[in-house]
Amino acid sequence: MVAKPSMKTILVTGGAGFIGSAVVRMLIARGDCHVVNLDKLTYAANLDSLTEAAGDPNYHFQQGDICDAELVKSLLAVHRPQAIMHLAAESHVDRSIDGPGAFVQTNIVGTYTLLEAAQDYWQGLPSQQRDAFRFLHVSTDEVFGSLPAQSRFNEDTAYRPNSPYAASKASADFLARAWHRTYGLPVIISNCSNNYGPFQFPEKLIPLMIIKALKSEALPVYGKGDNVRDWLYVYDHVRALLTVLERGAPGESYNIGGGCELTNLEVVRKLCQCLDQMVPGSGHKPHEGLIAFVQDRPGHDFRYAMDASKIKRELAWAPEENFESGLAQTVSWYLDNRWWWEKIMSRQYSGQRLGLGAKA
Ligand SMILES: NC(=O)c1ccc[n+]([C@@H]2O[C@H](COP(=O)([O-])OP(=O)(O)OC[C@H]3O[C@@H](n4cnc5c(N)ncnc54)[C@H](O)[C@@H]3O)[C@@H](O)[C@H]2O)c1
């Protein structure tokens, strides 16, 4: 890829993952910037999610680790991005319970490595480019810990992470904040609620349940299924990230959420109703009959709910999908794209239970 000087270049980390690949697809479809995707290609990555972007002259893929300081430094020197969107992470709570080491390495050490390289690069830019540069650190609502009924997380809520995943993301957020406060790097932090949509790795709740139902397997709901999450369709998250990147203020953080609180059991029931309609010939109607309650996740946070009023008020972002419309599109995508998930289920992950605390 040879960048036209008039076009912006964005370095996306973790662009072969679920949300990162949606960011890459949307940026490439917009056609107004060059995208450099740095991804280690862990088990969670999938280049099949990027076939739309792969042949585009504005797209460049680099396999590599964000912990590799020399690689990150040389990527910045060669591609000279105007922004970094940092999404690379170990992202599954259950896996963080079984093996926290990889979470500490990628989410904390990797973010530190990226911040250091970005800081050096940014300091060497001419002043106009230095002013325009942004480092968007993409994080989660899980850093805030568990909520009692009624209240919601806002940008001033104290961090109380409970799982190793949440603790590693909270640490990374603090590093990102410190690199802004201490060194002036124009960092913006976003904290988003649970995402769902096409191309999500089958270990996560919604794709796992769709795939298990299609394979006529039991639908394992943790505990009583009464844990509450706030759900957001992945492309609404991507639009929020691009809005924050373009209009957010350095040093600020923005909460992103769908305003759509549901218990896990409600999510699985809605999904079963969708399948009842979309797979009329299924031998398992109603699919709710497949639900089976299983041992809860250790330390399972009871409730997350986001107050997204700041991003709505200050940056005029709002989700375009509600849960019903987003879920229908998601179920229909998994029905139409069996090739995508069947390959994963035969090679990387076959739907087994994770996160019972048997450390790897
Ligand atoms: N999925 C959600 O619901 C959600 C919600 C809020 C925030 N987030 C955050 O958004 C980001 C993306 O989440 P996701 O669900 O797309 O994750 P994902 O697990 O699907 O993808 C992560 C990507 O990062 C890459 N990666 C991992 N370690 C790396 C390393 N050391 N160097 C380079 N690349 C590496 C993986 O190969 C993978 O492609 C994460 O930072 C996550 O914490 C996710």
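See the structure shown above.
Residues numbered from 1 in each chain as written. Predicted model: local features only at pLDDT ≥ 70, side-chain atom pairs only at ≥ 80, totals over all residues.

## Details of the overall build of the chain
Point 1. Across its full length, the chain holds 13 helices and 12 strands.
Point 2. The globule rule puts the C-alpha radius of gyration for 360 residues at 21 Å, and the 20 Å found for the chain is close to it.
Point 3. When its C-alpha atoms are laid out on the principal axes, the chain stretches across 65 × 45 × 40 Å.
Point 4. Buried positions account for 45% of the 360 residues belonging to the chain.
Point 5. The contacts in the chain between residues at least 6 apart in sequence include a share of 82% that link residues at least 24 apart. (Helix = DSSP H or I, 4+ residues; strand = E, 2+ residues; numbered from the N terminus. Rg over C-alpha atoms; globule rule 2.2 N^0.38 Å. Buried ≥ 20, exposed ≤ 12 C-beta atoms within 10 Å, placed from the backbone. Contact = placed C-beta atoms within 7 Å.)

## Regarding helix α1 (residues 18-30)
Point 1. With 13 residues, α1 ought to run about 18 Å at 1.5 Å a step, and its terminal C-alpha atoms sit 19 Å apart, in line with that.
Point 2. With 10 of 13 residues buried, α1 is to be regarded as a mostly interior element.
Point 3. Buried within α1 we find Phe18, Ile19, Gly20, Ser21, Ala22, Val23, Val24, Arg25, Leu27 and Ile28. (Expected span 1.5 Å × (residues − 1).)

## Observations concerning the pairing of strand β6 (residues 187-192)
Point 1. In terms of burial, β6 is largely enclosed, as six of its six residues are buried.
Point 2. Along β6, one buried face is formed by Val187, Ile189 and Asn191 and the opposite face, lined by Ile188, Ser190 and Cys192, is buried too.
Point 3. Pairing geometry for strand β5 (residues 134-140) and β6, over six bridges, is parallel. Across the sheet, Val138 pairs through a bridge with Ser190, a residue of β6.
Point 4. This β-α-β element, β5 to helix α7 (residues 164-183) to β6, shows right-handed connectivity.
Point 5. Relative to strand β10 (residues 253-256), β6 runs parallel, the two being bridged by four bridges. Considered in β10, the bridge of Ile189 is made with Ser253. (Pairing = 2+ DSSP bridges. Right-handed = clockwise from strand over helix to strand, strands pointing away.)

## With respect to the site of the ligand
Point 1. Within the structure, the ligand sits among 32 residues, and Gly14, Gly17, Ala45, Ala88 and Ala89 are positioned closest to it.
Point 2. Within the residue set of the shell around the ligand, elements represented by two or more residues are α1, β2 (33-39), α5 (101-123), β5 and β7 (194-196).
Point 3. Of the residues assigned to the shell around the ligand, the class counts are 15 nonpolar, 12 polar and five charged. (Near = placed C-beta within 6 Å. Nonpolar A, V, L, I, M, F, W, Y, C, P; charged D, E, K, R; others polar.)

## Brief notes about the sheet that holds strand β11 (residues 261-263)
Point 1. Within the open sheet, the three strands sit side by side as β7-β9-β11. Their pairing is mixed. Two strands lie at the open edges of the sheet, namely β7 and β11, each paired on one side alone. Averaged over all pairs of adjacent strands, the angle between strand axes in this sheet comes to 50°, irrespective of strand direction.
Point 2. Across three bridges, strand β9 (residues 228-233) lies against β11 in antiparallel orientation. Looking at β11, one finds that Val228 is bridged to Thr263. (Axes fitted to C-alpha atoms, helices over the stretch in contact; angles between N-to-C directions.)

## Looking at the environment of Met209
Point 1. Its place among the elements puts Met209 in helix α8 (residues 205-214).
Point 2. Every residue in contact with Met209, bar those within four places of it in the chain, is listed here: Leu219, Val268 and Leu271.

## A look at the environment of Ser350
Point 1. Tracing the backbone through its elements, the reader meets Ser350 in the segment after α13 (338-347).
Point 2. For Ser350, a count of 11 C-beta atoms within 10 Å corresponds to the exposed category.
Point 3. A sequence separation of 147 residues divides Ser350 from Glu203, and the C-alpha atoms of the two residues are 8.7 Å apart.

## Describing the packing of helix α3 (residues 69-79) against α5
Point 1. Following both chains from N to C, one finds α3 and α5 inclined at 35°, their axes separated by 9 Å at the closest point. Note that α3 runs across α5; the crossing there is right-handed. Of the residues in α5, those in contact with Ala69, Val72, Lys73 and Leu76 of α3 are Thr113, Leu114, Glu116, Ala117 and Tyr121. (Left-handed = near helix turned anticlockwise from the far one by under 90°.)

## Re the sheet that holds strand β1 (residues 8-13)
Point 1. Strand order in this open sheet of seven strands is β3-β2-β1-β4-β5-β6-β10, and the pairing throughout is parallel. With one partner strand each, in any of the chains shown, β3 (59-63) and β10 form the two edges of the open sheet. Neighbour-to-neighbour, the strand axes of the sheet open up by a mean angle of 20°, direction not taken into account.
Point 2. α7 rests against β5 and β6 of the sheet, and its axis sits at about 155° to β5.

## Observations concerning unusual backbone geometry
Point 1. Pro286 follows Lys285 through a cis peptide bond whose omega is -10°.
Point 2. Of note, Pro286 is situated in the loop between α10 (264-278) and β12 (291-294).
Point 3. Located in the positive-phi region is Ser216, a residue other than glycine, with phi close to 60°.
Point 4. The residue Ser216 is located in the loop between α8 and β8 (219-222) in this model.
Point 5. When the 11 C-beta atoms within 10 Å are taken as the criterion, Ser216 is described as exposed.

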